[in-house]
Amino acid sequence: RAGERRSAVEARRRAGSPAEALQAFGRAARAVFAAGLAAAAFGAVLSLLAPMRWYAGGVPAALVLFLPPAAFVGADEDALALWSLVCGLGALFNIGAAYAACAAVLGLLCRSLRPVALVVWIQIAHTLLGVAVPLLGRVGSRVPLDAAVGALVGILAGLIRTLTPPWPRPPNKRVSVSVLAGLLVAACAAPAFTAARPKRLALQHVSRDLEISRDSGLWVIPLDGSRLRGLGRALGRATPVACDKTRPPCYLEYPWFFPFADIVRGDVWLDAPSPDLAGDKPASLALARIGDAVDVSVEGPSHMHVVLRGDVRSWSFAGVRRAPEPRRRAEGVYLAQLTCGRARCSFRISVRVDGPLEVSLAAHRPVLTTEALENLRRDLPPWAVGAEWGKFVSELVLRSV
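How each quantity is defined
- Residues numbered from 1 in each chain as written.
- Predicted model: local features only at pLDDT ≥ 70, side-chain atom pairs only at ≥ 80, totals over all residues.
- Heavy atoms only, no water.
- Core = buried A, V, L, I, M, F, W, Y, C linked by side-chain atoms within 4.5 Å.
- Buried < 20%, exposed > 50% of the residue type's maximum accessible area, 1.4 Å probe, protein only.
- Helix = DSSP H or I, 4+ residues; strand = E, 2+ residues; numbered from the N terminus.
- Phe/Tyr/Trp six-rings, centres within 6.5 Å; stacked < 30°, edge-to-face > 60°.

For the rest of this paragraph, the subject is the nonpolar core. Counting 44 residues, the largest nonpolar core has Trp54, Ala62, Phe66, Trp83, Trp121 and Leu163 as its most contacted members. In terms of residue count, the dominant contributor to this core is helix H3 (residues 53-71) (seven residues). If you look at the next biggest cluster of nonpolar residues, it comprises 25 residues, including Val306, Leu308, Ala336 and Leu357.

What follows covers the packing of aromatic side chains. Under the criterion given, the structure shown has 11 aromatic pairs. A ring pair is formed by Tyr55 and Phe193, whose centres lie 5.8 Å apart and whose planes are at 65 degrees; its orientation type is edge-to-face. Within this pair, whereas Tyr55 is found in helix H3, its partner Phe193 is found in the loop between helix H8 (173-189) and strand E1 (201-209), the two being separated by 138 residues in sequence. The buried category is assigned to Tyr55, whose relative accessible area is 2%. Residue Phe193 is classed as buried on the basis of its relative accessible area of 8%. With a centroid separation of 6.2 Å and an interplanar angle of 80 degrees, the aromatic rings of Tyr254 and Trp269 are classed as edge-to-face. A residue pair is termed long-range when its members are at least 10 positions apart, and Tyr254 in the loop between helix H9 (248-253) and strand E4 (268-271) and Trp269 in strand E4 qualify at 15 residues. By relative accessible area, which is 8% here, Trp269 ends up buried. Grouped by ring-pair contacts, the aromatic residues Trp219, Tyr251, Tyr254, Trp256 and Trp269 constitute a single cluster.

Printed below as a string of structure tokens:
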């Protein structure tokens, strides 16, 4: 008890001196940052050799892969200033979890309360990872998110390590390298996806009328940084979609269900017969021009959007009293989502434009599937079926004036 009192007095003395508090804050912050950086660096290596291996196993797999790199980095036990700042900011901004940082402050001031603070932060870390790991595994991303997951685990581990005694001696370098090498080998052997946590894909059976040509096929879009790795058997006949996702042609020539072209890499095209529309009429797009005014007539299913390329000055929609002003996207096009809540919709858009105008109509039938789509799903492995972001029929019509 006398030792605990002396530790508490010493902690208060250090916190009471601004210079000492600032130095202690810097040491603790560097220790937490180093833990996050070490785990993120290990994740960057994983993203090159064995991406997404943390997703199938969930929180346990993420901890097994990223906790050792963070744990090898020494923690600073004198973290009272760091936790006091977190506690104060939480209270200032009315953050409900500020009590957890306050628990850490009490644990650093009184050693008998440190186990309670440690349990609180372990529970918070587990909850955060339980939400973040499945979410990051399903969110659209151009690159694997292994480094991001590693950084999250590392920062949480670094914060928890400030509540535990430092290592009696630095970890042996040979042991550390051996453990990391073993984790890399285990990650390469472990599956990235399982039937319980399948890979997300977007599958669209597309028919295109590009004004000077027509075609149709299956458009397969991966929604994570591992792209289509491991699907070569099912997609052996596919050809890569070779359009620049940052340029207008990708929006004009492909029917994006939502405009997320900027997060997609590695999508492929499989030639297939035109989709059966189950007796519905095909979507239609007609343009009529008088001077700088272009009348755009659209008809199709309830879920559609139009993409415009040109120097658009203004537009108006029939039946809409006040339409939003046209805004050029970073890709150099204008986009408007169209829906009417009925099975069949028609729209009339009046566009003022200087010079030529290209208009593309993308029409989607989210509840309609086809034989070609179902055949592709049967060819996919079990870990790539069941989490399709969508499997449906899309039409694209391109016209210019």
